[in-house]
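# Structure assessment
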Amino acid sequence: MNILHLSKFDWPTQPLYSCNPWIGCYFNCSYCWSHRLAKRWNPKINWTEPRINPLIDIKTSNLSWNDITGEFSKIGDSYVLLSATTDPYQPLEAEALATHGLLRFALKSKCRVLILTKSPLVLSDLDLLKQFGDRVEVGFTITGFENRPTLEEPEAPPNSERARAVMKIKKAGLKTYVSLEPWLPSLYIILRIETLKSYVDRWIIGPLDHARSRKLKYYYAKRLTPLIDYAHREGLDVWLKGDLVKCLWPEWGDGGITVSDLVLKKGILAQPKECLEK
């Protein structure tokens, strides 16, 4: 069985492969779609007690070290996302080094690596990540400003710690990105971007729960135009996910788009004063 899977994730870098060193996630975020999906497949699963993915555990899988190295090599310079369904740097990683091991295999190949985490524990791999040069981008999911756990993310490191980690990684010379997904209704999103824009190369923004409810659609539709205008005027690299764009244009397809391309396509700009709104 393969440890890399071609992903249909709405993401600005393609082709994109996903690789999950863990099954389950300690952070127990209330909005997590992976948790809900896992419960649907197996109602008895305890998602918040993560374990190493047996596919990458040499002790329990039929894979050899050469097999894992070969998988990374055969995808060339494609992107690998660590991780799509779990956090690669949850507390157990400090001892188990599952993500660390996969990075060492990836380093031997030509693939490009995207880290997506909520944990400053990624800083423990900083020296290893530097060896990738421009083949790695380190990203954090940030959903607010809090310096304490929230109801939505009860076991995850606080947003303030994630923000400081982004700054450290950028100062170390690595490319960074921030995923503002989900864009929680409690977040002053333009202010969040403004406070970190000097340390972030790329932004990825998606709605809560795919903006399924009418209330969420209205919330995002009201605030998207000022956000687009702000990002365009500041020259920021911002990827808006398709579900978010649909809040303004219901006929939109499934994929996302950069703000710069969206402005060219739709020609929509807000009044500057609106950018200060929540």
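For the structure, see preceding data.
Before going into details, it helps to say that this report is about the structure given with it. (Residues numbered from 1 in each chain as written. Predicted model: local features only at pLDDT ≥ 70, side-chain atom pairs only at ≥ 80, totals over all residues. Heavy atoms only, no water.)

## So, the sheet that holds strand β5 (residues 79-82)
As a reminder, the rule being used: Pairing between strands requires that DSSP locate at least two bridges from one strand to the other. Elements are defined by DSSP. Helices are runs of H or I of four residues or more, strands are runs of E of two residues or more, and each kind is numbered from the N terminus.
In spatial order, the strands read β1-β2-β5-β6-β7-β8-β9-β10-β11; together these 9 strands make up an open sheet with mixed pairing. Where the open sheet ends on each side, the last strands, each with one partner, are β1 (5-6) and β11 (257-258).

## Describing the packing of helix α2 (residues 65-74) against helix α4 (residues 98-107)
Packed helices, taken two at a time, are described by their axes: the angle between them and the distance between them. We count it as follows: The axes used here are C-alpha line fits, helices contributing only the stretch in contact, and every angle between their N-to-C directions lies in the interval 0 to 180 degrees. Angular relationships are summarised with four words: roughly parallel below 35 degrees, roughly antiparallel beyond 145, roughly perpendicular across 65 to 115, and oblique for the angles in between. Handedness of a crossing is defined here by the sense of rotation of the near helix relative to the far one, left-handed for an anticlockwise turn of less than a right angle and right-handed for a clockwise turn. Any pair of residues with heavy atoms lying within 4.5 Å of one another is described as a contacting pair. Residues are sorted three ways: Asp, Glu, Lys and Arg are charged, Ala, Val, Leu, Ile, Met, Phe, Trp, Tyr, Cys and Pro are nonpolar, and all the rest, Gly among them, are polar.
Orientation of α2 relative to α4, taken along the N-to-C sense of each, is 60°, at an axis distance of 8 Å. Relative to α4, α2 is oriented oblique. The chirality of how α2 crosses α4 is right-handed. In contact with Trp65, Ile68, Thr69 and Phe72 of α2, α4 contributes Leu102, Phe105 and Ala106. Taken together, the residues that form the contact of α2 with α4 break down as 6 nonpolar, 1 polar and no charged.

## As for empty space enclosed by the protein
Put simply, the test is: Definitions used throughout: a 1 Å grid over protein atoms alone; a cavity as a set of points that fits a 1.4 Å probe which cannot get out; a pocket as an open set with protein on both sides within 12 Å along at least five of seven lines; a lining residue as one with an atom within 4 Å of a point. Grid points are joined across faces, edges and corners, and a volume is the space filled by probe spheres set on the points.
Taken as a whole and assessed by the stated rule, the structure comprises 2 cavities of 30 Å³ or more. One number sums up the size of the second largest cavity: a volume of about 30 Å³. When residues of the lining of the second largest cavity are traced back to their parent elements, those giving at least two are β6 (112-117) and β7 (136-141). Considering every element that reaches the lining of the second largest cavity, the biggest residue donor is β6, with 3 residues. Tallied by class, residues from the lining of the second largest cavity come to 4 nonpolar, no polar and 5 charged.

## Concerning the pattern of salt bridges
Put simply, the rule reads: Basic side-chain nitrogens of Lys or Arg form a salt bridge, by our definition, when they fall within 4 Å of a carboxyl oxygen of Asp or Glu. Between buried and exposed lies partly exposed: a residue is buried under 20% and exposed over 50% of the maximum accessible area for its type, with that area taken using a 1.4 Å probe on protein chains only.
In this structure the tally under the stated criterion is 10 salt bridges. Where arginine 202 meets glutamate 137, a salt bridge forms, and the shortest distance between an N and an O atom there is 3.1 Å. Note that arginine 202 is positioned in strand β9 (residues 202-207) and glutamate 137 in strand β7, a separation of 65 residues in sequence. What makes glutamate 137 buried here is its relative accessible area of 7%. When the shortest N-O distance is used, the salt bridge between glutamate 234 and lysine 197 registers 2.8 Å. Of this pair, glutamate 234 sits in helix α8 (residues 214-234) while lysine 197 is found in the loop between α7 (189-196) and β9, placing the two residues 37 residues apart along the sequence.

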